[in-house]
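# Remarks on the overall topology
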Amino acid sequence: MTTSEPGRAAPTAFQKLLRAQRVWDVDLPAFDPAGAPAAPLPLFHQWFAEAVAAGQTEPHTMALATVAEDGGPDVRTVMLHDADGRGWHFASHASSAKGRQLAVRPEAALHFYWPAQGRQIRIRGRVTTAPHAEGLADLHARSTGALAAALVGRQSDVLDSYAELERSSDAAWERARAEPGADSPTWTPYVLDPVEAEFFQGDARRRHVRLRYRRPAAGGAWTRELLWP
C-alpha cells in the first residue's frame, strides 16, 4: 500500500518515473562570466566547439519559437546552418507554418540545450530572409536527403495518407540524385539578428550561472548582466 502525506495524493506511476530521472549526471564545467567576451557570438562559437568535444548529440539542433497566426507561441526543432556577424542562420520553406508566421511577424527565439555540459543558450531577435541563391548553395552542400526533403515541399500541409508521402519522397530522391543542383523555389534561408542572448551554465548545487547579453537594437552596443537562477 502506498502512503502519502495527509491531503496529498500518492504519486502516480508516471510521476515516480519522472522523479527518478537524474539531471546532469556528468562533471559540469566551470564558467566564469567575468572572462566572457564583450559580444555573444564568440562565446557561442566557444561553447558549441566544447559541446562537440564533449560528445553532445546533435549540438547543431535548436528549438525555434515563433508567433502563430492566433497570437500564441509555436515551437519546433530545426537545424542551425551558421552563426556569424549577421546572426544565427536556419532555413525552411516560406510556405511552411513557420515561414508564414515569420512573414507576418518576423521575430523569433532560439534555444540550444546541451546536457553533456549542463548548458543552454537562449537567443531572441528579429528575423530577415537571405537571398534564395545563398540558401540553395547551402542546401546543395548538404546531403542528398536534405535536397530530397526540400524538393518534396508542402511542409505543414495536411497529408491525406502516408502512401502519398512515400510516393512524393521516392520521386524527390530520384530527382535529387539525378539533379544535385535542382532548385526548390520555396526553400528560404533566414537569419536571426539577436537583441538578447543568455548563456546558462548548470551547477550541481543549483547555483547556476546565467549571463545575459542585451542591446537596444540590432547593431547596437552589447551590455552584460548576471541573472538569478
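Scoring rules and cut-offs
Residues numbered from 1 in each chain as written. Predicted model: local features only at pLDDT ≥ 70, side-chain atom pairs only at ≥ 80, totals over all residues. Heavy atoms only, no water. Helix = DSSP H or I, 4+ residues; strand = E, 2+ residues; numbered from the N terminus. Buried < 20%, exposed > 50% of the residue type's maximum accessible area, 1.4 Å probe, protein only. Contact = heavy atoms within 4.5 Å. Pairing = 2+ DSSP bridges. Polar contact = N/O pair within 3.5 Å; in protein donor to acceptor, adjacent residues only side chain to side chain. Core = buried A, V, L, I, M, F, W, Y, C linked by side-chain atoms within 4.5 Å. Salt bridge = Lys/Arg side-chain N within 4 Å of Asp/Glu carboxyl O. Axes fitted to C-alpha atoms, helices over the stretch in contact; angles between N-to-C directions. Parallel < 35°, antiparallel > 145°, perpendicular 65-115°, else oblique. Left-handed = near helix turned anticlockwise from the far one by under 90°. Nonpolar A, V, L, I, M, F, W, Y, C, P; charged D, E, K, R; others polar.

The number of helices and strands found in the protein chain is six helices and nine strands. Expressed as lengths along the three principal axes of its C-alpha atoms, the size of the protein chain is roughly 60 × 55 × 40 Å. Relative to its 229 residues, the protein chain shows a buried fraction of 36%. When contacts within the protein chain are restricted to residue pairs at least 6 apart in sequence, those whose partners lie at least 24 apart make up 63%.

Moving on, we get to the pairing of strand S1 (residues 61-67). A one-sided burial pattern is seen for S1, the buried positions being Met-62, Leu-64 and Thr-66 and the unburied ones Thr-61, Ala-63, Ala-65 and Val-67. Pairing of S1 with strand S2 (residues 73-79) involves seven bridges; the strand directions are antiparallel. Looking at S2, one finds that Val-67 is bridged to Pro-73. Taking the residues between adjacent antiparallel strands as the criterion, S1 and S2 are bridged by five residues, where Gly-71 takes a positive phi near 90°. Of the strand pairs in this sheet, S1 and strand S5 (residues 107-114) are connected by three bridges, and their pairing is antiparallel. Looking across to S5, one finds that Ala-63 is bridged to His-111.

Attention now goes to the side chain of His-208. Structurally, the position occupied by His-208 is in the loop between strand S7 (187-201) and strand S8 (209-214). Among the residues examined, His-208 registers a relative accessible area of 14% and is labelled buried. A polar contact is formed between the side chain of His-208 and the backbone nitrogen of Asp-203, at a distance of 3.0 Å. If near-sequence neighbours (up to four positions away) are discounted, His-208 is found in contact with Trp-24, Phe-200, Gln-201, Gly-202, Asp-203 and Pro-229.

Attention now goes to the nonpolar core. A general tendency of soluble globular proteins is for nonpolar side chains to be buried together. If you look at the biggest cluster of nonpolar residues, it comprises 29 residues, and the most contacted ones within it are Phe-44, Trp-88 and Phe-112. Breaking this core down by element, the ones donating at least two residues are helix H2 (40-53), S1, strand S4 (87-93), S5, strand S6 (119-129), S7 and S8. Core analysis: the second largest hydrophobic core is formed by 12 residues, Ala-91, Ala-146, Ala-150 and Ala-172 among them.

On a regular strand, each side chain points to the face opposite its neighbour's, so the side chains alternate between the two faces of the sheet. The buried fraction of S4 is high, at seven of seven residues. Bridge count for S4 against S7 is six bridges, and the pairing is antiparallel. By the bridge assignment for S7, Trp-88 is matched with Leu-192.

This part is about the environment of Thr-188. Looking at the secondary structure, you find Thr-188 in strand S7. Sequence separation of Thr-188 and Gly-99 is 89 residues, and the distance between their C-alpha atoms is 8.3 Å. Thr-188 has contacts with Phe-90, Ala-91, Ser-92, Ala-94 and Thr-129, leaving out every residue within four places of it along the chain. Looking at Thr-188, its side chain comes within polar contact range of the main-chain oxygen of Thr-186, at 2.9 Å.

Another point: the pattern of salt bridges. Overall, the coordinates contain 17 salt bridges when judged by the stated rule. Across the pair Asp-84 and Arg-86 runs a salt bridge, and its minimum N-O distance is 4.0 Å. On the basis of relative accessibility, which here comes to 22%, the residue Asp-84 falls in the partly exposed class. The exposure class of Arg-86 is partly exposed, given its relative accessible area of 41%. One salt bridge in this structure joins Glu-225 and Arg-212, with 2.7 Å as the shortest N-O distance. Pair noted here: Glu-225 is in strand S9 (residues 223-227) and Arg-212 is in strand S8, with a separation of 13 residues, a long-range link. It is possible to trace a salt-bridge network through shared partners that takes in Asp-84, Arg-86 and Glu-134.

In this section: the packing of helix H5 (residues 144-152) against helix H6 (residues 162-178). When two helices pack together, you describe them by how their axes are tilted relative to each other and by the distance separating the axes. Packing of H5 against H6 leaves a shortest axis separation of 8 Å and a crossing angle of 125°. Of the possible angle classes, the one that applies to H5 and H6 is oblique. The handedness of the crossing between H5 and H6 is right-handed. Along the contact surface, H5 presents Thr-144, Gly-145, Leu-147, Ala-148, Leu-151 and Val-152, while H6 presents Leu-165, Ser-168, Ser-169, Ala-172, Trp-173, Arg-175, Ala-176 and Arg-177. Residue composition of the contact of H5 with H6, grouped by class: eight nonpolar, four polar and two charged.

Any functional reading would require information beyond the geometric quantities listed.
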